[in-house]
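Residues per chain, in single letters:
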Amino acid sequence: VEDVEKIIDVVWSDTHHNSSQRDTQKIPHIDFATSIRKSFVNRIATELSNNSNIEVENYANNLLLWASTEGNANIVRRLIDRNTHLDINIANCDKMTPLALASMNGHLEVVRLLVGAGAKIELPDRKGQTALHHSAKMGHSDVVEFLARSSDPNIRDRFKWTPLMTASSMDH
């Protein structure tokens with residue numbers, strides 16, 4: 001995680017301060033064998049160490065999905081604070097947004113950051129489930145409570161289930 005934060009710092013400073021030469025000493029060897037974004041992170045590290053000209057905008061959205069899933073509030077905060085081209089509602093192949101991923105995994109601090117940055121709370125995934133459905137399904141009551149203040153608690157997914165029905169089906 002510290003390696004990704006260093007990558008963000010290096011990419012940010014290079015693309016927004018017009019540095020002509022990268023400081024590759026800042027980037028240690030990256031080994032995220034268990035990371036869902038291993039190939040992505042390795043690609044960034046390779047491009048940086050090869051002095052390739054890459055822009056943070058090309059990677060920020062994927063980093064946001066990864067950091068939201070992992071619950072890394074520091075990276076999410078940095079991306080929100082530093083990137084004007086960030087798509088806060090970017091979706092993965094299942095149409096799950098960073099907010100849905102953070103909610104599903106119970107990362108309340110990340111959920112708060114994303115909502116504060118304008119994430120759409122009721123944006124559905126492929127199954128029509130919202131972030132509220134995901135947090136309810138997984139039993140993350142703190143996230144459910146936070147999201148329920150700003151969204152319709154009776155919203156239905158593609159199967160006509162509300163978040164409460166989803167939670168009940170999982171014995172929550």
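Located above this text is the structure these notes cover.
Nothing here was measured: the structure is a model prediction, and the numbers come from that model.

Participant: Quick rundown of the overall build of the chain? Include the residues and the values.
Facilitator: The helix and strand inventory of the chain stands at 9 helices and 0 strands. Secondary structure elements in the chain, listed N-terminal to C-terminal, are α-α-α-α-α-α-α-α-α. Taken over 172 residues, the chain has a buried fraction of 45%. Contacts in the chain between residues far apart in sequence, at least 24 positions, make up 66% of those at least 6 positions apart. For the chain, the exposed surface amounts to about 9200 Å²; the carbon and sulfur share of it is 46%.

Participant: Account for the nonpolar core, naming residues and giving values.
Facilitator: Formed by 24 residues in total, the largest nonpolar core has its most connected members in Leu 64, Leu 79, Leu 99, Val 111, Leu 114 and Leu 147. Among the elements of the structure, helix 3 (57-70), helix 4 (73-82), helix 5 (98-104), helix 6 (108-116), helix 7 (131-138) and helix 8 (141-148) are those that each provide at least two residues to this core. Ranked by the residues each element gives to this core, the list is headed by helix 3, at 5 residues. With near-sequence residues (within four places) excluded, Leu 99 lies in contact with Val 111, Leu 114, Val 115, Ala 119, Lys 120, Ile 121, Ala 131 and Leu 147.

Participant: Tell me about the packing of helix 6 against helix 8, residues and numbers included.
Facilitator: It is the contact of helix 6 with helix 8, at a shortest axis distance of 10 Å, that shows an interaxial angle of 20°. Considered as vectors, helix 6 and helix 8 are oriented roughly parallel to each other. Here helix 6 runs over helix 8; the crossing is right-handed. Contacts between helix 6 and helix 8 pair Leu 108, Val 111, Arg 112 and Val 115 from the former with Asp 142, Val 143, Phe 146 and Leu 147 from the latter. For the contact of helix 6 with helix 8, the per-class residue count stands at 6 nonpolar, no polar and 2 charged.

Participant: How would you sum up helix 4? Please name residues and give values.
Facilitator: Restricting attention to buried positions, one finds in helix 4 the residues Ala 73, Ile 75, Val 76 and Leu 79. Viewed along the axis of helix 4, the buried residues span an arc of 165°, placing them on a single side of the element. Two or three places before Asn 74, at the start of helix 4, stands the capping residue Asn 72, its side-chain oxygen 3.1 Å from that residue's backbone nitrogen.

Cut-offs applied
Residues numbered from 1 in each chain as written. Predicted model: local features only at pLDDT ≥ 70, side-chain atom pairs only at ≥ 80, totals over all residues. Heavy atoms only, no water. Helix = DSSP H or I, 4+ residues; strand = E, 2+ residues; numbered from the N terminus. Buried < 20%, exposed > 50% of the residue type's maximum accessible area, 1.4 Å probe, protein only. Contact = heavy atoms within 4.5 Å. Areas by Shrake-Rupley, 256 points an atom, 1.4 Å probe, with all protein chains shown as cover. Core = buried A, V, L, I, M, F, W, Y, C linked by side-chain atoms within 4.5 Å. Axes fitted to C-alpha atoms, helices over the stretch in contact; angles between N-to-C directions. Parallel < 35°, antiparallel > 145°, perpendicular 65-115°, else oblique. Left-handed = near helix turned anticlockwise from the far one by under 90°. Nonpolar A, V, L, I, M, F, W, Y, C, P; charged D, E, K, R; others polar. Arc of directions from axis to C-beta. Polar contact = N/O pair within 3.5 Å; in protein donor to acceptor, adjacent residues only side chain to side chain.

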